Amino acid sequence: MAIAKAERLMNLALCLMNTRRPLSKKELRESIEAYREAWQNSSEDAFNRMFERDKDDLRELGLVIDVDENALDGELGYLARADRNRLPEIALDAEEAAALTLAARVWQQAKMSGAASGALQKLRAAGVPFTETEGRTALEPRIPAREAAFEPLLTAARDRRPVTFEYRKAGAATAEQRTVEPWALECWRGHWYLAGWDRDRGDARVFRLSRITAKVRARTGAFLGAVPEHVDVRATVAKFAGEGATATAAVKVRRGAGFPLRTKALSTRRIDDAWDELEIPYGNGLGADLAEFGPDVLVLGPEELRADVIERLRAVAGVEPATAEPAVVEPATVVEPVVAAGEGAQA
């Protein structure tokens, strides 16, 4: 019966950590039964492939394996030095431990909940002062991560691997392929966003995960651009949603509609029984925001904003550009306007 992979990895780790000199592949093959069986029953190539996979798996788990090219008369030698694989003593006070507990509970609905729970168990075993009453509050913070793109993008951002996916930006009728170097993921107003370098456009972009329409595929190769030291996804999305804007726009809003616009209006004037005129902050992405309201919102000014909204509505409706503006063009969908503004302008 073949020896389980976990046992094989453990044996390899023990051999590498409990030797004072580098060991060759031949010495490791003679010391570990699974390697000896692979060599005797299959071939030298089968043993080499198994050893390389196991070595990579141990490194992925965090074991630092040194390779000495001159230790064994030209043969490579392998060693896991104790001083490089010993973690420092963990010392957390009660407040720091509480913060880690809260962070683990936030991820209970995400796929990394098992890893978070396992990390807490290891900290408890190390003597971190977690209290018995934790997790019993009436209110419990959670961050849902329901989008299928979340996990592959999180992995790609961690491993610094470029990705490709199909993305439909706000106001677009169809999706288009994007090639992105993912930097960071962040949740803003209930939606997940990815910040990264868009290779096709040669610029930084922010993407809303719910608008990724196909499977995220990782690509080979390293990042072409430098990763910023700090990526503030929320601030970027908020900026392109019009928050912090210095200019204003005038729009007509139908009575009983456009409530998100009314909440941030600087002033409101009644026109007649059917319409109100609102003065709202005008920032990047406002056109994508207003286009979502369709016939319930008419732009009075400035003119470039009006032209932007008309162009977006024509794109959704599949209408060719004309010299005369249409009276009203029905949009395809209605979604949360503030978030749509951020994603539409950036992506």
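Everything here concerns the structure above.
Read on for a plain summary of the structure. (Residues numbered from 1 in each chain as written. Predicted model: local features only at pLDDT ≥ 70, side-chain atom pairs only at ≥ 80, totals over all residues. Heavy atoms only, no water.)

As for helix α3 (residues 33–41)
Inspection of α3 places A34, Y35 and A38 among the buried residues, and these make up the whole buried set. In a view along the axis of α3, the buried residues occupy a sector of 100°, so they form one face of it. Exposed residues lying more than 90 degrees from the buried face of α3 are Q40 and N41. Buried residues belonging to α3 abut α1 (5–17), α2 (25–31) and α4 (44–60). (Buried < 20%, exposed > 50% of the residue type's maximum accessible area, 1.4 Å probe, protein only. Helix = DSSP H or I, 4+ residues; strand = E, 2+ residues; numbered from the N terminus. Arc of directions from axis to C-beta. Contact = heavy atoms within 4.5 Å.)

Observations regarding the pattern of salt bridges
If you walk through the whole model with that rule in mind, you get 23 salt bridges. Here R8 makes a salt bridge to D54, at a shortest N to O gap of 2.6 Å. Pair noted here: R8 is in helix α1 and D54 is in helix α4, with a separation of 46 residues, a long-range link. The class for R8 is buried, based on a relative accessible area of 9%. Residue classification places D54 among the buried positions, given a relative accessible area of 0%. The salt bridge involving D296 is made with R254; its shortest N-O contact spans 2.9 Å. In this pair, D296 is assigned in the loop between α10 (286–291) and β11 (297–301) and R254 in strand β8 (residues 247–254), connecting sequence segments 42 residues apart. The exposure class assigned to R254 is partly exposed, which follows from its relative accessible area of 30%. One network of salt bridges, in which partners are shared, links E176, R178, D198 and R201. (Salt bridge = Lys/Arg side-chain N within 4 Å of Asp/Glu carboxyl O.)

As for the sheet that holds strand β10 (residues 275–282)
Across the sheet, four strands lie side by side as β9-β10-β8-β11; this open sheet has antiparallel pairing. Each edge of the sheet is formed by a strand with only one pairing partner; in this case those strands are β9 (267–270) and β11. For this sheet the average axis-to-axis angle between neighbouring strands, irrespective of direction, equals 25°. In the packing of helix α11 (residues 303–317) onto the sheet, the strands contacted are β8, β10 and β11, and the crossing angle to β11 comes to about 150°. (Pairing = 2+ DSSP bridges. Axes fitted to C-alpha atoms, helices over the stretch in contact; angles between N-to-C directions.)

Overview of the packing of α3 against α4
Two numbers describe how α3 lies on α4: the axes approach to 7 Å, and their chain directions differ by 150°. One element, α3, and the other, α4, form an angle in the roughly antiparallel class. Crossing angle aside, the handedness with which α3 passes α4 is right-handed. Residue-level contacts link A34, Y35, A38 and W39 of α3 to E44, A46, F47, M50, F51 and D54 of α4. Here the residues of the contact of α3 with α4 are counted per class, giving eight nonpolar, no polar and two charged. (Parallel < 35°, antiparallel > 145°, perpendicular 65-115°, else oblique. Left-handed = near helix turned anticlockwise from the far one by under 90°. Nonpolar A, V, L, I, M, F, W, Y, C, P; charged D, E, K, R; others polar.)

Treat this as a map of the structure, not an account of what it does.
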